[in-house]
Every structure is written in C-alpha cells, then in structure tokens.
Amino acid sequence: MTEENQTLPEFLLLGFSDLRALQGPLFWVVLLVYLLTLLGNSVIILLTQGSPALHSPMYFFLRHLSVVEVLYTTDIVPRTLADLASPHPQAISFQSCATQMYVFIVLGITECCLLTAMAYDRYAAICRPLHYSTLMSWQACTAMVGVSWLMGIITATTHSSFIFTLPFPSHPIIPHFLCDILPVLRLASAGKHRSEISVVTATVVFIMVPFSLIVASYARILGAILAMASTQSRRKVFSTCSSHLLVVFLFFGTASITYIRPQAGSSVTMNRILSLFYTVITPMLNPIIYTLRNKEVAGALWHMVKRQVSSP
C-alpha cells in the first residue's frame, strides 16, 4: 500500500450541497421513502414467513429479496439524510467509505442473483411443472440463496481490495452522495487500469449475464403461455410473472444505465439522480408492486390486517 493510503485520507462527499434549495425538500422525501421502504419490506418478510399460503420457493426468494432491500437502503440512506441536513459537504473516513462500498456491492450483486433465481423458479413452475418439486426443492432454494450471497461477498471483496489499495490524493472529493464504485475509482491518481477491468468484468458478469438468463427464462415462459389453449390460463400465468418482470426491469434498467452507458458527457447531477432512484426509490416500489399485482400476497396481507383488527 502506498504512503498516501497509509495515511488513510478522508473523503469529502459533495452530496447535494450544490443544490441547497433542494436539500430541505429532498431530505423529507428521502426520509419518507426510507420509512415506507422499511415498512413495506418488513411486511413482506412477515407475510412470507407467517402465512402458510406463501410458503413456496417464489416467496422464499421474495423474503430474502426484501431482507436485501432493507439492508441495502440502510447502508445508504441514513448517511444521505445526515448529509442533506447539513448545508456543507460532509467528510467520510477512509474506513467508512470502504465499508459502505463493500456492503453496497455485496447487496447489489446478491439482488442480481436472487432476481435470476426467481426467474428460474417461474420457468420451472410453468415450463417443467412435473419436475418442479425436484428442481425447486428446499435444498436447491437454500443453495441458490447461499450462492447469491457468496457471489456478492466474493465480488465485493475483489472490488474493494482493488480500489482501496490504489493511491488517492490527500483530500479526495467525491461528487456523489455515496461511495459508489465509479466516482471513487476516478479519484485514484494511478493504477486504475486493473480496477477498471474488474469493474467492466463484474458489470458484464453480474448485470448482463443474469439479465440475459432472466430474458431467456421468460422467453421460454412466453412460449409456454402462447401454447395454452385457455385464455384464462394465459392470464393467470402472466399475472404470476408480471410483478417479478416489473421489478427486474426497474432494477436492471437503472443499473445498466448507471454502469454500462458511456461516462463521457454524463453529468454529475444525472448520475446522482439515477443513483438516488435505484438506491432509494426502487427498494420502496418492490413491496408495493408485489402487494398490488400479486393476489396471493394481497390476500395474505388482507388476512393479516383482519386478524390484527379482530384480535383483542
């Protein structure tokens, strides 16, 4: 490690300090969205854990997805709220920046893998129903979740060890509200090449490959739906997949725009808005989408509400 990194410089997060007129309103919006995210995902966790009707592989994955969303936003939002409450840019220590990025990568990669597992579950249920109980046994589901977390940990460890052993200026300034990979990597004064290669490789492997697998799964599902003779059966099958598809496009769409689009000419403000969307807004939308567009989840929620109201 270089002498510059041995001094462990503090990073200065600019956040939204250049948009002071928006900091106050943005603080309350982000706080409200964060509270809704915690509430919505906590409800999903309780429903999928406590309702016998939701004890299936799809909802097992959904429960883990909600756990990831709660941890994901908690890694980012409290610090963002503290920065929004201050009129000046706030410093973040070298260790805190590295920790935030590490957790951010672990949870982001884990979510990619969980969404892919959920797509495979739908493929197995619709295209291979006779083998579903074997393909999606509880041992297989547990293994898929374990592999998802393991891939997140491996990727985060690789990225963090590459990035945070690079030499940084003595007073690095991050034009962002979190220690994201690309803004921090651009601060390094030398040796960026190997980290840039790892970022591109991880982008291809953990954004494009999972998304391609999800698209392939739903292409097979679409073929199975079109082969169904009953319009009612088609509608029922499509309704079970539409929630997951919407979540997939929200997550992978914003991630692809952020990490794959050319960085030349991209504005700092646009980068922050996109990051705010997939780190704050999307985790709030997921439980809403699954509750409103999924009859089983909505039914379980209604039964839970009635049980709480009728209990003394």
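These numbers come from a predicted model, not from an experiment. (Residues numbered from 1 in each chain as written. Predicted model: local features only at pLDDT ≥ 70, side-chain atom pairs only at ≥ 80, totals over all residues. Heavy atoms only, no water.)

Sorry, what's going on with the overall build of the protein here?
When helices and strands are counted, the protein shows 11 helices and three strands. Taken from N to C terminus, the helices and strands of the protein fall in the order α-β-α-α-β-α-α-α-β-α-α-α-α-α. A total of 312 residues make up the protein; the buried ones form 47% of that total. Nonlocal contacts in the protein, meaning residues at least 24 apart in sequence, comprise 81% of its contacts between residues at least 6 apart. Carbon and sulfur atoms form 71% of the exposed surface of the protein, whose accessible area is close to 14,900 Å². (Helix = DSSP H or I, 4+ residues; strand = E, 2+ residues; numbered from the N terminus. Buried < 20%, exposed > 50% of the residue type's maximum accessible area, 1.4 Å probe, protein only. Contact = heavy atoms within 4.5 Å. Areas by Shrake-Rupley, 256 points an atom, 1.4 Å probe, with all protein chains shown as cover.)

Help me understand empty space enclosed by the protein, please; the structure alone is not making it clear to me.
Remark: the empty space left among the atoms is shown by a probe the size of a water molecule rolled over them. Scanning the entire structure with this criterion turns up three cavities of 30 Å³ or more. Lining the second largest cavity we find Leu13, Leu14, Gly15, Phe16, Ser17, Gln23, Asp83, Leu84, Ser86, His88, Pro89 and Gln90. Looking at the lining of the second largest cavity residue by residue, the classes come out as five nonpolar, six polar and one charged. (1 Å grid on protein atoms, 1.4 Å probe; cavity = no way out; pocket = protein on both sides within 12 Å on 5 of 7 lines; lining within 4 Å. Points joined across faces, edges and corners; volume = space filled by probe spheres on them. Nonpolar A, V, L, I, M, F, W, Y, C, P; charged D, E, K, R; others polar.)

I'm lost on the sheet that holds strand 1 (residues 11–13) in this one. Help?
Each strand in a sheet pairs with another by means of backbone hydrogen bonds, the pair being arranged parallel or else antiparallel. Here three strands make up an open sheet; going across it, the order is 2-1-3 and the pairing mixed. Two strands close off the open sheet at either side, each with one partner strand: strand 2 (90–92) and strand 3 (173–174). Note: strand 1 against strand 3, two bridges, orientation parallel. By the bridge assignment, Leu12 is partnered in strand 3 with Ile173. Against the sheet, helix 3 (residues 57–84) touches strand 1 and strand 2, its axis set at about 150° to strand 2. Contacts between helix 4 (residues 94–127) and the sheet are confined to strand 1, strand 2 and strand 3, with strand 2 contributing the most and set at about 80° to the helix. (Pairing = 2+ DSSP bridges. Axes fitted to C-alpha atoms, helices over the stretch in contact; angles between N-to-C directions.)

Would you mind showing me how to read the state of the cysteines here?
Each disulfide consists of a covalent bond between the sulfur atoms of two cysteine residues. For the structure shown, the criterion picks out one disulfide. Paired by a disulfide, Cys97 and Cys179 hold their sulfur atoms 2.1 Å apart. Classification of the bridge connecting Cys97 and Cys179 rests on its S-S torsion, roughly -125°, and on that basis the disulfide is left-handed. With Cys97 in helix 4 and Cys179 in the loop between strand 3 and helix 7 (181–185), this residue pair connects regions lying 82 residues apart in the sequence. (Disulfide = S-S within 2.5 Å.)

What am I meant to see in the side chain of Asp83 here?
By secondary structure assignment, the location of Asp83 is in helix 3. The residues contacting Asp83, other than those within four sequence positions of it, are Leu13, Gln23 and Gln90.

It is not clear to me how the packing of helix 2 (residues 20–50) against helix 3 should be interpreted in this structure. Could you clarify?
When two helices pack together, their arrangement is given by the angle between the helix axes and the distance between those axes. Two elements in contact, helix 2 and helix 3, have axes separated by 9 Å at closest approach and are oriented at 160°. By the angle between their axes, helix 2 is roughly antiparallel relative to helix 3. As for the relative orientation of helix 2 and helix 3, their crossing is left-handed in sense. For the contact of helix 2 with helix 3, a count of residues per class yields 16 nonpolar, eight polar and three charged. (Parallel < 35°, antiparallel > 145°, perpendicular 65-115°, else oblique. Left-handed = near helix turned anticlockwise from the far one by under 90°.)

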